[in-house]
Amino acid sequence: MVTGASRGIGLALVRELASRGCHVLAGARHPSEARGLQAAACEAKPGVIDIVALDVRSDESVRGAVEEAAGKVRALDALVNNAGVFPEEGDERLEDLPLELFEEAFSVNVVGVARVTRAFLPLLGAAAHPRVVNISSLAGSISRKEDARHYCYSASKAALNMLTRTMAAELRPRGITVVAVTPGWVRTEMGGPQAPLTVEESARSLGRTIERISPQDAGHFFDRDGSTASVAW
Ligand SMILES: NC(=O)c1ccc[n+]([C@@H]2O[C@H](COP(=O)([O-])OP(=O)(O)OC[C@H]3O[C@@H](n4cnc5c(N)ncnc54)[C@H](OP(=O)(O)O)[C@@H]3O)[C@@H](O)[C@H]2O)c1
């Protein structure tokens, strides 16, 4: 299951995982508007990509998505919490920053991940080697933070990293491996046109890394290639 699969990295990851032979549940909050995702589902063999309505901010929507998923699969091998928002311009000063932007960032990037992950635990628990992959960001690295930008987004991704560690500790004894992964700086609506990576390049690396995650990786923060050397909490 990939959340935020309507566009950007999520959509590319759906295509990548499908090309690797996975059955992919693609979560999108407005499936009828997700043209790229619909095209991907049509191009794939029938039953390879299933589009599921999923708004990570809504209990009702997440409950519906779990029910739909349970009607299609017996177990979930991987949950990729990819849906994310970057609600600010980025260069606001503390005095000018609308504080509700913190709520927007946290409601999707942190609370949404907790909501979706706990709802999918029964399906994850039914898999042989289940994993939860939280798509984080270098912007969430506290030790690397030197600039005065991106208050809300950075704070939310740092919180996501802590959520990752906490969930990893709770879920490891249940056999569910939880990690955080950064996708790199990618040309999407969020990443902007200057980013060096295409969505396909990022998704190719992420797909390989997701497949390789094993129980000893629980609670780690990886780059898209599965290395911990270039990322820091
Ligand atoms: N691009 C980068 O350089 C970069 C770098 C580091 C980390 N990341 C992370 O990578 C992930 C994907 O980013 P992206 O660049 O692909 O962003 P994007 O192009 O802006 O796409 C964001 C995705 O999240 C979905 N989303 C937003 N709110 C949602 C909600 N409430 N429920 C369900 N889905 C929701 C969007 O759906 P709608 O189409 O419905 O809006 C869209 O599919 C994010 O977690 C982001 O923080 C990106």
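The paragraphs below set out a description of the structure included in this document. Just so we're clear, the structure is a prediction, and the values are computed from it rather than from any experiment.

## Comments concerning helix α3 (residues 59–72)
Now for step 1: The end-to-end C-alpha distance of α3 is 20 Å, a good match for the 20 Å that 14 residues give at a rise of 1.5 Å each.
Now for step 2: On the buried face of α3, the contacting elements are β1 (24–28), β2 (49–53) and α4 (100–125).

## Brief notes about the sheet that holds strand β6 (residues 221–222)
Now for step 1: Read from one edge of the open sheet, four strands run β3-β4-β5-β6, paired in parallel fashion. Looking at which strands have only one partner, the edges of the open sheet turn out to be β3 (78–81) and β6.
Now for step 2: Looking at chain direction, strand β4 (residues 131–135) and strand β5 (residues 177–181) are connected through five bridges and run parallel. Bridge assignment links I135 to a residue of β5, and that residue is V181.

## Some remarks on unusual backbone geometry
Now for step 1: A positive phi angle, close to 60°, is found at H150, a residue other than glycine.
Now for step 2: Position of H150 relative to the elements: it lies in the loop between β4 and α5 (151–171).

## Let's talk about the pattern of salt bridges
A pair can form between side chains of opposite charge whenever their charged atoms are brought close.
Now for step 1: Inspection of every chain in the model, using the stated rule, returns nine salt bridges.
Now for step 2: Where E211 meets R20, a salt bridge forms, and the shortest distance between an N and an O atom there is 3.0 Å. Of this pair, E211 sits in helix α6 (residues 199–212) while R20 sits in the loop between α1 (8–19) and β1; the two residues are 191 residues apart in sequence, bridging distant segments of the chain.
Now for step 3: The class of R20 is partly exposed, set by a relative accessible area of 28%.
Now for step 4: Across the pair D147 and K145 runs a salt bridge whose closest N-O atoms are separated by 2.8 Å.

## What about the site of the ligand?
Now for step 1: Around the ligand sit 28 residues, and of these S6, R29, Y153, V186 and T188 come closest.
Now for step 2: Between K157 and the ligand, the recorded distance is 3.0 Å, taken from a side-chain N or O atom to an oxygen atom.
Now for step 3: The fraction of the free accessible surface of the ligand (900 Å²) that becomes covered by protein chains is 93%.
Now for step 4: At the level of elements, α1 and α5 are the ones that each hand at least two residues to the shell around the ligand.

Reading guide: rules and limits
- Residues numbered from 1 in each chain as written.
- Predicted model: local features only at pLDDT ≥ 70, side-chain atom pairs only at ≥ 80, totals over all residues.
- Heavy atoms only, no water.
- Helix = DSSP H or I, 4+ residues; strand = E, 2+ residues; numbered from the N terminus.
- Expected span 1.5 Å × (residues − 1).
- Contact = heavy atoms within 4.5 Å.
- Pairing = 2+ DSSP bridges.
- Salt bridge = Lys/Arg side-chain N within 4 Å of Asp/Glu carboxyl O.
- Buried < 20%, exposed > 50% of the residue type's maximum accessible area, 1.4 Å probe, protein only.
- Near = heavy atom within 4 Å.
- Polar contact = N/O pair within 3.5 Å; in protein donor to acceptor, adjacent residues only side chain to side chain.
- Areas by Shrake-Rupley, 256 points an atom, 1.4 Å probe, with all protein chains shown as cover.

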